[in-house]
Amino acid sequence: MSVDFDPCPCGSGRDYDRCCRPLIDGSQTADTAEALLRSRFSAYARQQVDYILQTVAPSQRHQHHPDAIRSWARNATWNRLEILNVEGGGPEDTRGQIEFIAHYTEKQARKRHHELAQFERIDGRWYFYDGSAPRIHQYVRQQPKVGRNDPCPCGSGLKYKRCCGQ
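Residues numbered from 1 in each chain as written. Predicted model: local features only at pLDDT ≥ 70, side-chain atom pairs only at ≥ 80, totals over all residues. Heavy atoms only, no water.

What is the right way to read unusual backbone geometry from this model?
For residues that are not glycine, phi is negative in most cases, and the peptide bond is trans in most cases. Positioned with a positive phi, Gln47 is a non-glycine residue whose angle comes to about 60 degrees. As for its position among the elements, Gln47 is in the loop between helix H2 (33–45) and helix H3 (49–54). For Lys107, which is not a glycine, the phi torsion comes out positive at approximately 50 degrees. Residue position: Lys107 is located in the loop between strand E2 (95–106) and strand E3 (109–122). On the basis of relative accessibility, which here comes to 78%, the residue Lys107 falls in the exposed class. (Helix = DSSP H or I, 4+ residues; strand = E, 2+ residues; numbered from the N terminus. Buried < 20%, exposed > 50% of the residue type's maximum accessible area, 1.4 Å probe, protein only.)

Help me understand the nonpolar core, please; the structure alone is not making it clear to me.
Proteins that are soluble and globular tend to have nonpolar side chains buried together. Of all hydrophobic cores here, the largest spans 33 residues; its most connected members are Cys20, Trp78, Phe100 and Phe119. The set of elements that each furnish at least two residues to this core consists of helix H1 (21–24), H2, H3, helix H4 (66–75), strand E1 (76–88), E2, E3 and strand E4 (125–132). Top element by residues in this core is H2. It accounts for 7 residues. Those residues in contact with Phe119 that lie beyond four places of it in its chain are Ala33, Leu36, Leu37, Thr94, Arg95, Gly96, Ile98, Trp126, Tyr127, Phe128 and Tyr129. (Core = buried A, V, L, I, M, F, W, Y, C linked by side-chain atoms within 4.5 Å. Contact = heavy atoms within 4.5 Å.)

Looking at this model, I keep getting lost on the side chain of Glu106. Mind explaining?
Along the chain, Glu106 falls in strand E2. Overall, Glu106 belongs to the buried group, its relative accessible area being 17%. For Glu106, the side chain forms a polar contact with the side chain of Lys111, separated by 3.3 Å. Excluding residues that lie within four positions of it along the chain, Glu106 makes contacts with Trp72, Asn75 and Lys111. (Polar contact = N/O pair within 3.5 Å; in protein donor to acceptor, adjacent residues only side chain to side chain.)

So what exactly am I meant to see when it comes to the pairing of E3 here?
Regular strands place side chains that alternate from one sheet face to the opposite one. Judged from the 12 bridges that link them, E2 and E3 form a sheet pairing that is antiparallel. Bridge pairing links Arg95 to Glu120 in E3. Two successive antiparallel strands, E2 and E3, enclose a turn made up of 2 residues, where Lys107 displays a positive phi of approximately 50 degrees. Where E3 and E4 come together, 7 bridges link them in antiparallel fashion. For Glu120, the partnering residue across the bridge sits in E4 and is Tyr127. Turn length for the E3-E4 hairpin, with the two strands adjacent in sequence and antiparallel, is 2 residues, and the turn residue Asp123 shows positive phi of about 50 degrees. (Pairing = 2+ DSSP bridges.)

Remember that the coordinates give geometry; whether it matters functionally is a separate question.
Given below as structure tokens:
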């Protein structure tokens, strides 16, 4: 086995060999849902389709098509993983939920895959169970919107577009 001192694609800051490789090659199992998510991202980046499929809950595998996964993994450059929120999924939990954004480039266009992923521990192993789009939270403005030609709220006496709106 060759030693890989490249940074792990998952963004942990560790070398690939000390981070996701042991999970992907099967010499270790993920102890948390987050570790599984990170290793799955690295598997996409390294085009390890078998690992991606093996880490889907057995009851859900029929919904995942190897050719589609292989195509997405091959045709994208996986730039970084951004984990937004983790609920559960620890060493003592049986379920976990992680909101994340996978940043990638496809056909020279920067893209984002934003997902709320569900994980389950089955017989002591973590599996990806399902994913969905996170709920969009509508922003509610606390104050009326300042128009371009309205007086600037800073009190300068100038129009907003000539003062703080620049």
